[in-house]
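# A closer look at the structure
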Amino acid sequence: MSATSESRTTGDHLMPTYARYPVRFVRGEGARLWDDDGHEYLDFLSGISVSSVGHCHPRVVEAIRAQAGELIHVGNLFYTEPMTRLAQRLASSSLGGTVFFTNSGAEAVEAALKLARKAKSAGDVVVLHRAFHGRTYGALSATPQESKQAPFAPLVPGFVAVEPTAEAVAAAVTDRTAAVLLEPVQGESGVWPLPDDLLRTAREACDAHGAALLYDEIQCGLGRCGSMWAYQQAGVVPDAMTTAKALGGGLPIGALVTGDRLSQVLQPGDHGSTFAGGAVVTAAANAALDVLEDPALHARVRELGERIAARVEELPGVRAVRHRGLMIGFDVTGTDAPGIVRRALLEQRLVCNATGPETIRFLPPLVIGEAEADEAVDRIAPLLADAAGS
Ligand SMILES: Cc1ncc(COP(=O)(O)O)c(C=O)c1O
């Protein structure tokens with residue numbers, strides 16, 4: 001990266017909440033991105049599981065254009081066709097109840113917490129170590145990570161964090177519990193699929209104590225793991241779940257989806273959001289769902305996930321690979337995963353990220369082919385060999 005292009009990327013007036021790389025992207029198509037120097041990159045991060053349909057998918061672009069020319073905003077005191085259609089599609093692909101739209105993942109988690117507490121008239125929420133549910137106060141309070149929580153105390157009370165094991169969950173749920181909240185595949189902590197017996201135990205404990213089982217499918221849902229919803233592989237159904245990220249095809253939208261039992265808990269005045277469920281984002285989401293609801297896509301995601309994981313496992317310095325579909329995390333020797341990721345971006349023009357000092361994560365668009373799967377592995381291989389000293 002030249003000094004000139006580096007200075008062009010400086011964001012003096014951006015709050016330094018992100019350690020940004022010196023790259024400025026100007027265009028995207030499928031799994032490819034281009035920077036302002038004309039370099040082409042292979043995107044194996046998808047804006048952290050957002051661009052699952054690929055960048056600028058023609059159906060999404062066309063839906064946004066068409067809707068923007070018809071109606072952009074009217075607010076939540078009225079219906080729009082894209083909003084009601086999207087709610088119907090989300091409900092029928094999952095839990096069959098009702099949908100509350102949000103503008104982000106964290107807001108969907110907030111809605112889920114309010115729903116569960118109102119359903120049980122207050123109560124504790126059991127969450128898991130290694131979880132990540134977002135940065136707003138409720139979602140942050142549900143994210144038991146010292147570095148993220150400590151500077152912002154006091155947090156929302158009533159969260160009980162336990163180890164991600166069936167035994168720990170069973171022991172934590174009592175008559176005081178309003179909900180158990182978990183990601184079927186934990187994402188931000190480095191891709192940890194939760195064991196089926198943990199989900200089953202959480203379901204049984206919630207049923208025994210009148211608590212709600214809440215899944216956060218913001219990162220792992222919408223085909224990412226090789227099924228429409230990650231929980232469908234374990235077959236343990238929650239009372240409500242959150243989604244966001246890939247839902248809008250790149251536009252910001254999230255949702256809380258309930259099953260029957262909790263579908264009427266939140267009533268007029270209980271919750272709201274000015275922009276949520278707007279006509280343009282829901283039109284984009286309907287177009288994204290046209291791509292993501294395809295069982296053939298899910299089968300390909302499973303195949304490609306196996307292919308990448310098998311190849312990564314063979315690379316020098318890779319200690320462990322964890323994956324579900326195209327949600328892939330691998331631990332490397334040493335503690336310089338962030339350095340490897342930086343070199344991947346700047347030298348190999350491969351976009352991925354490090355979830356910690358030892359773990360690299362791939363979250364490619366779900367529409368990649370075998371050639372792109374292999375290309376990503378080929379691009380990172382020499383860097384892993386370097387880091388492993390071989
Ligand atoms: C599982 C999970 N829940 C919640 C969130 C928060 O979503 P958002 O950043 O859209 O608020 C994330 C974001 O990474 C996530 O991975």
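Data block above holds the structure.
The text that follows walks through the structure, step by step, so that each part is easy to find. Everything numeric in this text was worked out from a predicted model, so none of it was measured.

## Things to note about the layout of surface pockets
Taken as a whole, the second largest pocket holds about 830 Å³ of empty space. If you go around the second largest pocket, you meet 26 residues; those closest to its centre are Asn 76, Val 99, Phe 100, Phe 101 and Leu 266. At the level of secondary structure, the elements contributing two or more residues to the lining of the second largest pocket comprise α4 (81-93), β4 (99-102) and β12 (254-258). When the residues that make up the lining of the second largest pocket are grouped by side-chain class, the tally is 14 nonpolar, eleven polar and one charged.

## Considering the packing of aromatic side chains
The geometry of an aromatic ring pair is captured by two quantities: the separation of the ring centres and the angle between the planes. Counting across every chain of the model gives four aromatic pairs. Seen in terms of ring centroids, Phe 44 and Phe 362 are 5.3 Å apart; in terms of plane orientation they differ by 85°. Their pairing is edge-to-face. Within this pair, whereas Phe 44 is found in the loop between β3 (40-43) and α2 (46-49), its partner Phe 362 is found in strand β17 (residues 359-362), the two being separated by 318 residues in sequence. For the pair shown, Phe 44 and Phe 362 are each scored as buried. A ring pair is formed by Tyr 215 and Tyr 231, whose centres lie 5.8 Å apart and whose planes are at 50°; its orientation type is tilted. Taken together, the residues Tyr 215 in strand β10 (residues 212-216) and Tyr 231 in helix α10 (residues 231-234) connect sequence positions 16 residues apart. With respect to class, Tyr 215 is no different from Tyr 231; both count as buried. Among the aromatic residues, ring-to-ring pairing joins Phe 44, Phe 330 and Phe 362 into one connected group.

## Quick look at the sheet that holds strand β7 (residues 177-182)
Read from one edge of the open sheet, seven strands run β4-β12-β11-β10-β7-β5-β6, paired in mixed fashion. Edge strands, defined here as strands with exactly one partner in the open sheet, are β4 and β6 (159-162). On average, adjacent strands in this sheet sit at an angle of 20° to one another, irrespective of strand direction. Sheet topology note: the strand β5 (residues 124-128)/β7 ladder contains three bridges and is parallel. Bridge assignment links Val 126 to a residue of β7, and that residue is Val 180. Contacting β4, β5, β6, β7, β10, β11 (240-243) and β12, helix α5 (residues 105-120) runs over the sheet at an angle of about 155° to β7.

## So, a nonpolar patch on the surface
A surface patch of nonpolar side chains, about 400 Å² in accessible area, is lined by Leu 71, Val 74, Leu 77 and Phe 78. For Leu 77, a relative accessible area of 77% gives the class exposed.

## Section: helix α9 (residues 196-209)
Helix length check: α9 (14 residues) gives 20 Å between terminal C-alpha atoms against 20 Å at 1.5 Å per residue, within 8%. Taken together, the buried positions of α9 are Leu 198, Leu 199, Thr 201, Ala 202, Arg 203, Ala 205 and Cys 206. Where α9 is buried, its residues contact β5, α8 (166-172), β7, β10 and α10.

## Remarks on the nonpolar core
Core analysis: the largest hydrophobic core is formed by 81 residues, its most contacted members being Leu 182, Ile 308, Phe 330, Ile 360, Phe 362 and Ile 380. Per-element tally for this core: the top contributor is helix α11 (residues 279-292), with eight residues. With near-sequence residues (within four places) excluded, Ile 380 lies in contact with Leu 315, Phe 330, Ile 340, Leu 350, Cys 352, Ile 360 and Phe 362. Of all hydrophobic cores here, the second largest spans 22 residues; its members include Ala 111, Leu 181, Ala 212 and Ala 240.

## Here we look at empty space enclosed by the protein
Counting across every chain of the model gives three cavities of 30 Å³ or more. Taken as a whole, the largest cavity spans an internal volume of roughly 50 Å³. The class makeup of the residues in the lining of the largest cavity is six nonpolar, seven polar and no charged.

## Here's the deal with the state of the cysteines
Enumeration according to the criterion identifies zero disulfides in this entry. Of all cysteine sulfurs in the structure, the one in Cys 220 sits closest to Cys 206, which takes part in no disulfide; the separation is 17 Å. A relative accessible area of 0% means that Cys 220 is categorised as buried.

## Thoughts on the pattern of salt bridges
Taken as a whole and assessed by the stated rule, the structure comprises 24 salt bridges. With a closest N to O distance of 3.6 Å, Arg 27 and Glu 29 form a salt bridge. Judged by its relative accessible area of 43%, Arg 27 is partly exposed. Two residues, Asp 378 and Arg 311, come together in a salt bridge whose shortest N-O distance is 2.8 Å. Of this pair, Asp 378 sits in helix α14 (residues 370-388) while Arg 311 sits in helix α12 (residues 295-313), and the two are 67 residues apart along the sequence. Given the relative accessible area of 44%, Asp 378 is considered partly exposed. A residue is classified by how much of its surface remains accessible, and Arg 311, at 31% relative accessible area, is partly exposed. Here the salt bridges do not stand alone but share partners, grouping Arg 32, Glu 40, Glu 372, Glu 375 and Arg 379 into one network.

About the thresholds
Every residue gets a number counted from 1 within its own chain, in the order that chain's sequence is written. Residues qualify for local features only when their pLDDT is at least 70, as the model is predicted, and side-chain atom pairs are given and counted only at 80 or more; totals for whole chains, interfaces and linings, by contrast, use all residues. The basis for every side-chain value is the complete set of heavy atoms in the structure, and neither hydrogens nor water enter the calculation. A cavity, in this analysis, means grid points on a 1 Å lattice covering only the protein atoms where a 1.4 Å probe fits yet has no way out; a pocket is instead an open set bounded by protein on both sides within 12 Å along at least five of seven lines, and a residue lines either one if it has an atom within 4 Å of a point. Grid points are joined across faces, edges and corners, and a volume is the space filled by probe spheres set on the points. Think of it this way: any DSSP run of H or I at least four residues long counts as a helix, any run of E at least two long counts as a strand, and we number them from the N terminus. For this classification, Asp, Glu, Lys and Arg are treated as charged, while Ala, Val, Leu, Ile, Met, Phe, Trp, Tyr, Cys and Pro are nonpolar and the rest, including Gly, are polar. Each Phe, Tyr or Trp ring, with Trp reduced to its six-membered ring, pairs with another whose centre is within 6.5 Å; inter-plane angles below 30 degrees give stacked pairs, above 60 give edge-to-face pairs, and intermediate values give tilted ones. Each residue is placed in one exposure class: buried if its accessible area under a 1.4 Å probe, protein chains only, is under 20% of its type's maximum, exposed if it is over 50%, and partly exposed if it falls in between. Only strands that DSSP links by at least two bridges are regarded as paired with each other. Fitting a line to C-alpha atoms yields each axis, with helices limited to the stretch in contact; the angle taken between N-to-C directions then spans 0 to 180 degrees. Contact between two residues is taken to exist if any of their heavy atoms lie within 4.5 Å; hydrogens are not considered. Each patch is built from residues that are more than 30% exposed by relative accessible area and take part in no salt bridge. Like charges join if they lie within 9 Å; nonpolar side chains (Val, Leu, Ile, Met, Phe, Trp, Tyr) join within 5 Å. Areas reported here follow the Shrake-Rupley algorithm with a probe of radius 1.4 Å; residue values treat only the protein chains shown as occluding. Whenever a carboxyl oxygen of Asp or Glu lies within 4 Å of a side-chain nitrogen of Lys or Arg, that contact is scored as a salt bridge. One less than the number of residues in a helix, times 1.5 Å, gives the span that helix is expected to have. Buried residues of nine kinds, namely Ala, Val, Leu, Ile, Met, Phe, Trp, Tyr and Cys, make up a nonpolar core once their side-chain atoms join them within 4.5 Å. A pair of cysteine sulfur atoms is labelled a disulfide when the two atoms are within 2.5 Å.

None of the figures reported here should be taken as evidence of function without further support.
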